[in-house]
Amino acid sequence: MARYQYDLKPSKISLIRRLSMESFMVRVYTGPLSDEVDHVSVEAEKGTSAEDIVAVACRKLRLSASGGGGHGGGGASSDVRQHFELAEVFSSGGQLCKERRLDSTENPVALQLLWPKVVPPCASESEANGSQGLFDGYRFYLRRRDPEASAGGWVVRDQSAVDSFLLAFLTQPVAGKEFPDLCSLPDLNEHTLLHNLKARFNQKNIYTYVGSILIAVNPFKFFPIYNPKYVSMYQNKRLGELPPHIFAVADAAYHSMLRLRQNQCIVISGESGSGKTESTNLLLHHLTALSHKGLHGSGVEQTILGAGPVLEAFGNAKTVHNNNSSRFGKFIQVNYKQNGMVHGAIVEKYLLEKSRIVFQARDERNYHVFYYLLAGADEKEREAFHLSSADKYNYLSQSACYSVEGVDEQHEFARLKQSMEMVGFS
Ligand SMILES: Nc1ncnc2c1ncn2[C@@H]1O[C@H](COP(=O)(O)OP(=O)(O)OP(=O)(O)O)[C@@H](O)[C@H]1O
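Since this is a predicted model, take the numbers as computed values, not measurements. Counting restarts for each chain, with residues numbered from 1 along the sequence as it is written. Selection of residues for local features in this predicted model requires a pLDDT of at least 70, selection of side-chain atom pairs for listing and counting requires 80 or more, and totals for whole chains, interfaces and linings are taken over all residues.

J.: Give me the lowdown on the site of the ligand, citing residues and values where you can.
T.: Any residue whose backbone-placed C-beta atom lies within 6 Å of a molecule or strand is treated as near that molecule or strand. The local shell around the ligand holds 17 residues, among which Gly275, Lys276, Thr277, Glu278 and Ser325 are the closest. Elements supplying a minimum of two residues to the shell around the ligand: α9 (276-291) and β14 (325-326). Secondary structure follows DSSP: runs of H or I at least 4 residues long count as helices, runs of E at least 2 residues long count as strands, and numbering of each begins at the N terminus. Considering each element in turn, the shell around the ligand owes the most residues, 3 residues, to α9. The classification used treats Ala, Val, Leu, Ile, Met, Phe, Trp, Tyr, Cys and Pro as nonpolar, Asp, Glu, Lys and Arg as charged, and all other residues, Gly among them, as polar. Grouping the constituent residues of the shell around the ligand by class yields 3 nonpolar, 11 polar and 3 charged.

J.: Hey, could you go over the packing of helix α10 (residues 300-315) against helix α11 (residues 368-376) for me, with residue numbers and the actual values?
T.: The angle between the axes and the distance between the axes are what describe a pair of packed helices. Between α10 and α11, whose axes approach to 5 Å, the crossing angle comes to 100 degrees. Accordingly, the angle class assigned to the pair α10 and α11 is roughly perpendicular. When α10 is examined against α11, the residues Glu312, Ala313 and Phe314 are found in contact with a partner set consisting of His368, Val369 and Tyr372. For the contact of α10 with α11, a count of residues per class yields 4 nonpolar, 1 polar and 1 charged. Note on method: axes are straight lines fitted to C-alpha atoms, helices fitted across the in-contact stretch only, with angles between N-to-C directions ranging 0 to 180 degrees. Orientation categories follow fixed angle ranges, with anything under 35 degrees roughly parallel, anything over 145 roughly antiparallel, 65 to 115 roughly perpendicular, and all other angles oblique. Think of it this way: build a C-beta for each residue from its backbone, and any pair within 7 Å is a contact.

J.: Account for the nonpolar core, with residues named and values stated.
T.: By our criterion, buried Ala, Val, Leu, Ile, Met, Phe, Trp, Tyr and Cys residues that link up through C-beta atoms within 7 Å make up a nonpolar core. A residue is called partly exposed when the number of other C-beta atoms within 10 Å of its own lies between 12 and 20, exposed at 12 or fewer, and buried at 20 or more, with C-beta atoms placed from the backbone. Counting residues in hydrophobic clusters, the biggest one holds 23 residues, and the most contacted among them are Val26, Val28, Ile53, Val54, Ala57, Leu86 and Leu142. Elements with a minimum of two residues in this core: β3 (23-29), β4 (39-45), α1 (50-61), β5 (84-92) and β9 (138-144). Counting residues per element, this core draws most heavily on α1, at 6 residues. With near-sequence residues (within four places) excluded, Ile53 lies in contact with Val26, Val28, Val42, Ala44, Thr48, Leu86 and Pro108. Within the second largest apolar cluster, 22 residues are counted, among which are Tyr254, Leu284, Leu290 and Val342.

J.: Describe the environment of Leu185, and please don't skip the residues or the numbers.
T.: In this fold, Leu185 is placed in the loop between α5 (164-170) and α6 (190-202). Residue Leu185 is classed as partly exposed on the basis of its C-beta count, with 16 C-beta atoms lying within 10 Å. Spatially, the C-alpha atom of Leu185 lies 8.6 Å from that of Asn196, the residues being 11 residues apart in sequence. Excluding residues within four positions of it along the chain, Leu185 makes contact with Phe179, Thr192, Leu193 and Asn196.

J.: Pulling in residues and values, what's your account of the pairing of strand β11 (residues 207-210)?
T.: Here the rule is simple: two strands pair whenever DSSP picks up at least two bridges between them. Two elements, β11 and strand β12 (residues 213-216), share 4 bridges in a ladder whose sense is antiparallel. Pairing of Tyr207 across the sheet is with Ala216, part of β12.

J.: Outline unusual backbone geometry, listing residues and values.
T.: The phi torsion of most residues other than glycine is negative, and most of the peptide bonds are trans. The backbone phi angle of Arg62 is positive, close to 55 degrees, even though this residue is not glycine. Along the chain, the position of Arg62 falls in the loop between α1 and α2 (77-83). Of the residues examined, Arg62 has 15 C-beta atoms within 10 Å and is grouped as partly exposed. You will see that His386, though not glycine, has its phi angle at about 55 degrees, which is positive. Checked against the element boundaries, His386 lands in the loop between α12 (379-385) and α13 (394-397).

What follows is the structure in structure tokens.
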């Protein structure tokens, strides 16, 4: 599985004194450059330049100048030096505080000798006294050169500018503690599987792969992991290249369709309230965003997304398990042109729970649309349709449940009208 950028856990010692007293081991972390290797150790002397360490690290990782790591790479070291660099990264309290590009002539060993060392309380005596210690938050990372980045100097990361959630998301713990893909669990049984999901969930990582299947654990609260930054980050990435995410599934389906010229299918399943509707909306969001590239605003995407609130108003209701429970099944087919632009969509609905129209169990409601209409209709509409309040209607008052926490029905009615116009209802 992918290893992610900047593991912020206190680093194991990055420099180990060797017998000769002249040479040292510099630990170079790979971040997102390698799926398989967390770090490589490079033997160096005080005077060894950063670019020489880069060359050795790239050779060990089989990284080539042309295209990343993997097998059979290994361009000329001079090329590699032009394309990769070292960054000195300092993190504290789980947050990336600052990072600095190393100039090619700088001496990493000399720098490491200046890093403050701490001994963790949990370290064994031999670790504390011997060659294994901890540097207080400092590490070297190998990374691709960014030609536009300014050289040198500490870049102090302003936490308001940096999306700290994104950072935490990208720095998910290294394999061995938690596994972003359950297939990598060394011992796979029900206990380890659930333990892994729980450990990840506690770290706010709600998604976990099982091969190409994505498990989503409903957090019941908003995590800022669906903004445009994430949309672009997941575009054209292999499944597993980045931390598990619903956008990765949408992206894999979209690009497989373009590459193989074959229909793709995503099946979403789970018990009531597990997050199927939200996941469907997120998938549609990403699938339509992907097609934006060449569309120049034809509005098809907006129409597709606009169908959601209409379907939910007429087909969703409050139940004891879920305030917005879909009481029907749906099959959504998004059609694309050959060039990958969205062409349209077909929604097939089935098995609507019709009995809910005339009977609702305790603490449950009829379909949202009735309450929206009664709350949001203006005076003219009330008069025209002879509308009263919800408690006056037998089919709406059986459970005496008229409002849903956190839902502004007037606002929902306005949104519904807007969506209906968008999808072509008059
Ligand atoms: N990814 C998510 N992030 C935050 N909250 C979520 C997420 N997914 C679901 N939720 C929360 O869980 C609630 C229930 O989710 P949703 O309606 O999607 O479940 P469902 O599986 O479609 O249920 P049903 O089968 O009853 O229709 C949502 O209203 C939302 O508050």
